[in-house]
Structure formats: structure tokens, C-alpha cells
Amino acid sequence: MRKSLTISLCAVLLTVATSTVWAKKKTLYQSLGGTPAITAVVDQFVTNCATDNRIKAQFAATASDPARLAAFKKNLVDQICEAAGGPCKYTGKDMKTAHAGMGITTADFNALVEDLVAALDKFKVKKKDKDALLGVLGPMKSDIVEKP
Ligand code: HEM
């Protein structure tokens, strides 16, 4: 009787202790502020790209077609949300297929990353979250850049 009570108590304590630890460990998605915050960053990011003299020509067709622009933004939100451990599911093309034939250079890629950082800074995203997000997107470079 006494032994089973001790075991039950230990089980309760262990459950409380581990759930406390887990509760403290936020996902990047949560830390960024969830889907509304990611959507705001993506809106700004796309505006930055579409007005950036270095790369705006590549976004001209997308920016001038509202339906295409909305689909593009949704894909970006889903992609970032999913990569950050959120509940979304990215259903767009893989990065190699999506950018095939665009002739994207390393300079184009770096310009786009700068535009993303500017959007993250505008919304005061913490450095550790910025670094974590760039750490997830950075490795996609080899699938996107065709002219290093
Ligand atoms: C880490 C870097 C990048 C990420 C995460 C990214 C992400 C994406 C995603 C999710 C799509 C939509 C794919 C689909 O339609 O299924 C896309 C399309 C596109 N990307 Fe990127 N991209 C990156 C870099 C670039 C760069 C450097 C450029 C050019 C400077 C670029 C230009 C485009 C264009 C023009 C489209 C087509 C948009 C449309 O559907 O009208 N991307 N990209």
C-alpha cells in the first residue's frame, strides 16, 4: 500500500516536472508570435523585394497580379510557419522546381536575405529568432541559386 502510494507520488512529481520543462521550451513559431506575426513579416518582406532595385524585376509579374501575389504570400507564410515548427503545411513547389530557369545569382539571393532581415527588424524580431529563421532558410540557397 505504502509502496504503491510512493510510486504514484513519484509519477505525479515526474509528470509535473517534465511538463514544466516542456512548457518553457517555446518553438520558433511561438517565439516569432505565431501566424499573425509571420504574415505581417511576409507582407513587409514581399514589399521590400518588389521595391528593391536589385531584384524587383524578378518580382514584377508577381506583384502586378493580385491573385498570384496572394498565393505567393500564402506559400511564404506556410513555408516559414512550418519550418519554424508551427501548425501550417507548406503545399507549394520544392525550392529547386520553384526557382528553376530564373537564373538567380548569389547577389540576388543575398539581396533577398537583406530584404527579409529588414522586415524582421521592422517588427523587432529578436536576434536569436532571426538567426534561427535564417538558419532554416539559408541551406535552401543551393537549390535556388543557379549562377553562383
Ligand atoms: C531563402 C530564399 C528563398 C525562399 C525561402 C523562397 C521561397 C519561395 C516560395 C515558397 C515560392 C513559391 C513557390 C510556389 O509557387 O509553389 C517562391 C517563388 C518565387 N521566388 Fe523565391 N524564395 C527564395 C529566394 C528567391 C530569390 C533570391 C528570388 C529572386 C531574386 C526569388 C524569386 C521568386 C519568384 C519570382 C517566385 C515566383 C513567384 C510567383 O509565383 O509569382 N526567390 N519562392
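Here, every reference points to the structure presented above.
For the structure given in this document, a descriptive report is provided here. Given the structure is predicted, the values throughout are model-derived calculations rather than measurements.

1. Quick look at the site of the ligand
Then comes step 1: The ligand sits among 23 residues. The nearest are Gln-58, Thr-62, Arg-68, Lys-93 and His-99.
Then comes step 2: A distance of 2.7 Å separates an oxygen atom of the ligand from a polar atom in the side chain of Thr-62.
Then comes step 3: Here an oxygen atom of the ligand and a backbone polar atom of Lys-93 are 2.7 Å apart.
Then comes step 4: One can see that the ligand is located within the largest pocket.
Then comes step 5: The set of elements that each furnish at least two residues to the shell around the ligand consists of helix H4 (56-63), helix H5 (66-83), helix H6 (95-99) and helix H7 (106-122).
Then comes step 6: A total of five residues in the shell around the ligand trace back to one element, the largest contributor, which is H5.

2. Section: the coordination of the iron atom of the ligand
Then comes step 1: Among protein residues, the single donor to the iron atom of the ligand is His-99 (NE2), with a metal-donor distance of 2.1 Å.
Then comes step 2: Tracing the sequence through the fold places His-99 in helix H6.

3. Thoughts on the side chain of His-99
Then comes step 1: With relative accessibility at 18%, the residue His-99 sits in the buried group.
Then comes step 2: In terms of polar contacts, His-99 uses its side chain to reach the backbone carbonyl oxygen of Met-95, at 2.8 Å.
Then comes step 3: The contact partners of His-99, leaving out residues within four places of it in the chain, are Ile-104, Ile-144 and Glu-146.

4. What about empty space enclosed by the protein?
Then comes step 1: Applying the stated criterion across every chain, the model contains one cavity of 30 Å³ or more.
Then comes step 2: When its volume is computed, the largest cavity comes out at roughly 60 Å³.
Then comes step 3: Around the largest cavity, the lining residues are Leu-32, Ala-37, Ile-38, Val-41, Ile-80, Leu-120, Val-125 and Leu-133.
Then comes step 4: Top contributing element to the lining of the largest cavity by residue count: helix H3 (residues 34-50), with three residues.

5. As for the packing of H3 against H7
Then comes step 1: Where H3 meets H7, the closest approach of the two axes is 8 Å, and the angle between their N-to-C directions is 140 degrees. Comparing the axis directions of H3 and H7 gives the class oblique. The two elements H3 and H7 meet at a crossing, and its hand is right-handed. Judged by residue contacts, Val-41, Gln-44, Phe-45, Asn-48 and Cys-49 of H3 engage Leu-112, Asp-115, Leu-116, Ala-118, Ala-119, Leu-120 and Lys-122 from H7.
Then comes step 2: Class assignment of the residues belonging to the contact of H3 with H7 gives a composition of eight nonpolar, two polar and two charged.

What counts, and at which threshold
Residues numbered from 1 in each chain as written. Predicted model: local features only at pLDDT ≥ 70, side-chain atom pairs only at ≥ 80, totals over all residues. Heavy atoms only, no water. Near = heavy atom within 4 Å. Polar contact = N/O pair within 3.5 Å; in protein donor to acceptor, adjacent residues only side chain to side chain. 1 Å grid on protein atoms, 1.4 Å probe; cavity = no way out; pocket = protein on both sides within 12 Å on 5 of 7 lines; lining within 4 Å. Sits in = over half its atoms within 2 Å of the grid points. Helix = DSSP H or I, 4+ residues; strand = E, 2+ residues; numbered from the N terminus. Donors = N, O, S within 2.8 Å, 3.2 Å for Na, K, Ca; no water. Buried < 20%, exposed > 50% of the residue type's maximum accessible area, 1.4 Å probe, protein only. Contact = heavy atoms within 4.5 Å. Points joined across faces, edges and corners; volume = space filled by probe spheres on them. Axes fitted to C-alpha atoms, helices over the stretch in contact; angles between N-to-C directions. Parallel < 35°, antiparallel > 145°, perpendicular 65-115°, else oblique. Left-handed = near helix turned anticlockwise from the far one by under 90°. Nonpolar A, V, L, I, M, F, W, Y, C, P; charged D, E, K, R; others polar.

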